[in-house]
Amino acid sequence: MKKYSEEELKTLNHQLRGIDPSEVLRWVLASSENPVITTNFRPYEAAILHLVTEERPETTVVWCDTGYNTPQTYRHADEVIQLLDLNVKLYTPIHTAAYRDAVNGGIPGIDSPFHDEFTRQVKLEPFQRAMAEQQPDVWFTNLRKGQTAFRDSIDILSYSKDGILKVSPFYHWSDEKLDGYLRDNHLPNEFKYFDPTKVLSNRECGLHA
């Protein structure tokens, strides 16, 4: 996959704004040898999973499960995996949630000195392990403008901290437009979702920033 300069990325993002996500996807896939999608099955994730796998069904789906998802999220994940026949590679923390609850007393608050280490253990380490094993040249996500301050600063195309091209085809889409996409494609959604590393909905977890 070509490495774009900052200026090229800015120009491409300007050109891609308003282009249908499916066209963005096809343009990226034409040059990608080993794309992955990362998901945590939060609300609206079925859209990006459907978009990519409709075009390339065998695409690896990396699911880093913190072990703290809601029962609704786990049932939703199972439904979407079966519905779309996803090629899921599951990555989990070294220690289980039960172990961590017993030894460390549960999820630390965001003001706790242990919160950064907790985030590393349950999210960053499994993700880094996944990327090291999968070695993708493109990383598809469902990041969207308006979710967090950091996400407002990126665009459809950006680069991860490790230099992987990160593609968010629905970046400029609203919840209402995604509702329509899910409805038109008969896809489920689930809003009872919890990320123990973010706590607040507008707070970045560290995976992307």
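Just above, that's the structure.
Residues numbered from 1 in each chain as written. Predicted model: local features only at pLDDT ≥ 70, side-chain atom pairs only at ≥ 80, totals over all residues. Heavy atoms only, no water.

Draft legend 1. Highlighting the side chain of Glu125. Position of Glu125 relative to the elements: it lies in helix H6 (residues 115-134). On the basis of relative accessible area, Glu125 is assigned to the buried category, the value being 18%. Engagement of the side chain of Glu125 in a polar contact is seen with the side chain of Arg129, the distance being 2.7 Å. Setting aside chain neighbours within four positions, we find Glu125 in contact with Ile94 and Arg120. (Helix = DSSP H or I, 4+ residues; strand = E, 2+ residues; numbered from the N terminus. Buried < 20%, exposed > 50% of the residue type's maximum accessible area, 1.4 Å probe, protein only. Polar contact = N/O pair within 3.5 Å; in protein donor to acceptor, adjacent residues only side chain to side chain. Contact = heavy atoms within 4.5 Å.)

Draft legend 2. The pattern of salt bridges, seen in detail. Counted by the stated rule, this structure contains 7 salt bridges. The salt bridge partner of Glu8 is Lys2, with a shortest N-O separation of 3.3 Å. On the basis of relative accessible area, Glu8 is assigned to the partly exposed category, the value being 31%. Judged by relative accessible area, which is 49%, Lys2 ranks as partly exposed. For Arg26, the salt bridge is made with Glu55, and the minimal N-O distance between the two is 3.7 Å. (Salt bridge = Lys/Arg side-chain N within 4 Å of Asp/Glu carboxyl O.)

Draft legend 3. Structural view of the sheet that holds strand E1 (residues 35-39). Overall, mixed pairing links the 6 strands, which are arranged E3-E2-E1-E4-E6-E5 in an open sheet. On the outer flanks of this sheet lie strand E3 (87-91) and strand E5 (157-159), each paired with one strand and no other. Here the average twist between neighbouring strands, direction ignored, is 30°. With 4 bridges connecting them, E1 and strand E2 (residues 60-64) associate as parallel partners. What sits directly across from Ile37, in E2, is Val61. (Pairing = 2+ DSSP bridges. Axes fitted to C-alpha atoms, helices over the stretch in contact; angles between N-to-C directions.)

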